[in-house]
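# Observations on chain architecture
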Amino acid sequence: MSASSDILRTGALAAEGRRRTPHRKKNIASRQIGRHLSATTLLWVFAIGFAFPLLWFVLSSFKPSGDLFSYPLTLFPKQWTLSGYTTAWQSFDFAQYFINTIIVACVTTVLTVAASCASGYALAKYQNRWLKVFFVCILATTMLPTEVMLAPSFLVIRDLGLYNALAGIIVPSILTATGVLMFRSFFLTVPDDLVEAARIDGARELSIFFRIMVPLSRPIMLTLAIFSFQWRWNDYIWPLLVLNDPSKFTLQIGIQSIVGAQNINWSVLLGASVISMIPLVILYLVFQKYVMGANINAGLKD
Amino acid sequence: MTLKKSPTGPSRLRRALAAVAAVSAAAIVLAGCSSSGSSSSDSDKKLTLWLSSSAAQQAGYDQLVKEYKQKTGVQVKIVNIPYSGYSTKLRDAAQANALPDIASVPALDPIWTKKLIDLSSIVDTKSNKINKNFIAKTSDGDVLAIPSDVTASGLFINKSLFEKAGVSYPTSPDKTWTWEEFIKAADQVRESTGAKYDLTFDASPSRLRAMVYEMGGKYVHADSSGTFSTDKKTQKAVDYFVSLNNDTIMPKSVWTSGADPSALFQSGQVVAYWSGVWQVSSFAESITKFDWASVPTPAQPVQASDVNSGGLVVGFNNSDSESTAAKAFLSWMYKPAQYKKLTEVNGYLPVESGLDPQYPFKSTAAQDAFKLYNDELPLYAPISGYFNQAQTKWVLNGKSLTTDPSVTELGKAINGQESTSEALKNIVDGYNQQVGK
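### Comments concerning the overall build of chain A
Within chain A one finds 15 helices and 0 strands. Within chain A, buried positions represent 42% of all 302 residues. A fraction of 71% describes how many contacts in chain A between residues 6 or more apart in sequence connect residues 24 or more apart. Accessible area of chain A: about 16700 Å², with a carbon and sulfur share of 68%.

### Topic: the confidence of the model for chain B
All names here are of chain B. When pLDDT is averaged along chain B, the result is 88, and 90% of the positions lie at 70 or above. This stretch, residues 1-10, has a pLDDT under 50; its non-local contacts, to residues over four places away or in other chains, come to 6 contacts. For the stretch residues 28-43, pLDDT sits under 50, and the model shows 12 contacts to residues farther than four places along the chain or on other chains.

### Thoughts on the domain arrangement of chain A
All names here are of chain A. Along its sequence, chain A is organised into domain 1 (2-60) and domain 2 (92-297). Across the boundary between the two partners, domain 1 contributes 4 residues, which contact 4 residues of domain 2. Both sides of the domain 1 and domain 2 interface together cover about 340 Å² of buried area, and 93% of this is carbon and sulfur. The three residues of domain 1 that bury the most area against domain 2 are Phe57, Val58 and Ser60, which together make up 91% of that side's buried surface.

### With respect to the side chain of Thr420 of chain B
Here Thr420 of chain B lies in helix α17 (residues 420-435). Discounting chain neighbours no more than four positions away, the residues touching Thr420 of chain B are Gln235, Val238, Asp239, Val242 and Ala413 of chain B.

### Some remarks on a nonpolar patch on the surface
Taken together, the side chains of Ile278, Val281, Ile282, Tyr284, Leu285 and Val286 of chain A make up a nonpolar region of the molecular surface, amounting to roughly 540 Å² of accessible area. Locating Ile282 of chain A in the fold gives a position in helix α14 (residues 266-286).

### Comments concerning the pattern of salt bridges
By the definition in use, this model includes 15 salt bridges over all chains. A salt bridge links Lys125 of chain A to Asp192 of chain A, with the nearest nitrogen and oxygen atoms 2.8 Å apart. Residue Lys125 of chain A is found in helix α4 (residues 94-125), and its partner Asp192 of chain A is found in helix α9 (residues 192-200); the two are separated by 67 residues along the sequence. Owing to a relative accessible area of 13%, Lys125 of chain A belongs among the buried residues under this scheme. A cluster of three or more residues bridged by salt bridges with shared partners is formed by Asp187, Arg190 and Asp198 of chain B.

### Some points on the confidence of the model for chain A
Residues and elements named next belong to chain A. Mean pLDDT over chain A stands at 83; residues scoring 70 or higher make up 87%. Low pLDDT (under 50) marks residues 1-20, which in the prediction has 5 contacts with non-local residues, meaning those over four places away or in another chain. The low-confidence segment residues 296-301 (pLDDT under 50) makes 11 contacts with residues lying over four places distant or belonging to another chain.

### Structural notes on the side chain of Ser286 of chain B
Among the secondary structure elements, Ser286 of chain B is positioned in helix α11 (residues 279-286). Residue classification places Ser286 of chain B among the buried positions, given a relative accessible area of 12%. Among the polar contacts made by the side chain of Ser286 of chain B, one reaches the side chain of Gln266 of chain B at a distance of 3.1 Å. When neighbours within four sequence positions are excluded, Ser286 of chain B is seen to be in contact with Ser65 and Gly66 of chain A together with Gln266 of chain B.

### So, the packing of aromatic side chains
How two aromatic rings sit relative to each other is given by the distance of their centres and the angle of their planes. Evaluated as defined, the whole model comprises 47 aromatic pairs over all chains. Taken together, a centroid distance of 6.4 Å and an interplanar angle of 35° make the contact between Trp179 of chain B and Phe201 of chain B tilted. Taken together, the residues span a long stretch of sequence, with Trp179 of chain B in helix α6 (residues 179-193) and Phe201 of chain B in strand β7 (residues 197-201) at a distance of 22 residues. Accessibility assignment for this pair places Trp179 of chain B and Phe201 of chain B in one class, buried. Measuring from centroid to centroid gives 5.6 Å for Phe387 of chain B and Trp394 of chain B, while their planes differ by 80°, and the two rings are edge-to-face. The burial state of Phe387 of chain B is the same as that of Trp394 of chain B; both residues are buried. An aromatic cluster of at least three residues, connected via ring pairs, comprises Phe162, Tyr169, Trp177, Trp179, Phe182, Phe201, Phe241, Trp255 and Trp274 of chain B. One residue, Arg184 of chain A, lies across the ring of Phe135 of chain A, its end atom 4.3 Å from the ring centre.

Definitions and cut-offs
Residues numbered from 1 in each chain as written. Chains lettered and ligands numbered in written order. Predicted model: local features only at pLDDT ≥ 70, side-chain atom pairs only at ≥ 80, totals over all residues. Heavy atoms only, no water. Helix = DSSP H or I, 4+ residues; strand = E, 2+ residues; numbered from the N terminus. Buried < 20%, exposed > 50% of the residue type's maximum accessible area, 1.4 Å probe, protein only. Contact = heavy atoms within 4.5 Å. Areas by Shrake-Rupley, 256 points an atom, 1.4 Å probe, with all protein chains shown as cover. pLDDT = per-residue confidence, 0-100. Domains from an automatic or database assignment. Buried area = accessible area lost by both parts, 1.4 Å probe. Patch = residues over 30% accessible without salt bridge, like charges linked within 9 Å, V, L, I, M, F, W, Y side chains within 5 Å. Salt bridge = Lys/Arg side-chain N within 4 Å of Asp/Glu carboxyl O. Polar contact = N/O pair within 3.5 Å; in protein donor to acceptor, adjacent residues only side chain to side chain. Phe/Tyr/Trp six-rings, centres within 6.5 Å; stacked < 30°, edge-to-face > 60°. Lys NZ or Arg CZ within 6 Å of the ring centre and 35° of its normal.

Here is the structure:
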């Protein structure tokens, strides 16, 4: 606003305007610096806002339990200790829980990606009344919170004989509406001409899918894979209900059992939580590029 | 873009995909098989015990189980289940016919009480000396649960602050103080040491009940017809409690917005903490910056506390042979020799009398605390066990107090949103609605 009125005024008062020109340039430049500066500063403020609790959390895990609540609070431990970590690792069958969780997260992720890719493609590229009904059914699953479906899903799993088996936590989480929707909306953007051209060249439907569509959708695959891994890694209540045998427990059950009815052993809990974060951090470092993309879709329901 | 790609790429990917799918399908089938295969066999030599406790309090059971295996060859497998979700898991397990043989549960649930085995022979064994006030007994005389231990509310003080201020405190239950004397002493300590608050008070109905009992009230009490009401002394005690929440004597944040009273006390800025015996073992390790002590519960003039069962030990009737084996284990566990070890290792207050357990704590504060609790328990007025017994009665009638409205309503009273008498009325209504006649 003020810039345009400046220009109007310079038109009217040319002589004066000539004198004012360098001043105006400087003005705009400083305003631009100001704009950039404020955006960057804001980013830093947010970054610190997000990072600070995490930093405190990680640093606190190295404090002895007597230091955790002592006043005044300190950011850095006065005395570094790994006792929280060692107690956490020893008090539960942590290695076994770790392996179980990795098996569950990996197998589910592979199956989720495969199932979502195939069904997303079918829903986007084939026209059929029953497919539409199926699509609505998938959509409907997002309308019920997981807690509501807990009891009926439990009965199904029990009757299928999957109670107390890792498969009992893998199978129900394979099909996720989010995954199907992600692939469907992606395949909708792929022009139909591509499919038709392939058909004219004599490609069968399956080879169109595997040779053309699957490679095209690689970014979406990675995005969903990261999501799915994260969901399964953090799952708690469903594994707790389905698994009975401690040798099949997942990591989150182990961590949750540190939180007692009456009191919480904070130093052990902190250590265990940091350990459980490590795989996700590694995943993030490896797939950083795609995680950034994945979080654009954050807020979707699993 | 993709049309330019070499033809080998996609086919390799396809093969990889197919391989992964095949492997994972096989894994699922295998996982399914292995579980169904192992669970049905060797069931007569193996029992399952569910509990929810810290690793430290599992140690006592671990030791017992090891001894039992050596003695009888029967293996008892312990599964430690997270507390949040334990009751849901028990319900689902009851549906799936996958209940354990033995369990230590936080509360009975009408959904599975019919599957419990009768433990009356253990209670009736005279040499066990089990305190019958804490067992869950049906009207037919069946004993459904025996507590693993007893818990009681209790008062902790920051001993260093008291010493710094030169204020004395009672050490023996015969010469305890009243709530008013205690608050006066705490005021003095706070003022002379610059501490922030006199007291933090767990946001728990149980802790409030204990205080009300000590001031002569009965809290929310059912009459013979099963209708709940409160008495005048309760009204007075609750009024007093609400008035203490003034951000000087007690921080309002604990009852109104869920601040952690234990963390506040552990910061060393609070003179005293009203909690319970279960804090002792954790304080023994986690408080290193100052000295703490357990002091006798105030009596104004009633010597009381809210005494509950720590965990309820139950046996499930899964099959004839399994329930016999479960009962054999429990009979053995509650024999004084074994039970004494359990209480010592786990830091339990025993439900059996005459044990004189020697706790393994290095901290003298913890040793003294346990001695004090063990001395005080027999002195408590009968009202102390009222709620624990009432709870069992409700469950046996198929009802349960799923949400105690006390904390929410009194939070409102502390915030000034309603008067104490309105809050009490709402609490009584809540009780009548959930577990009343």
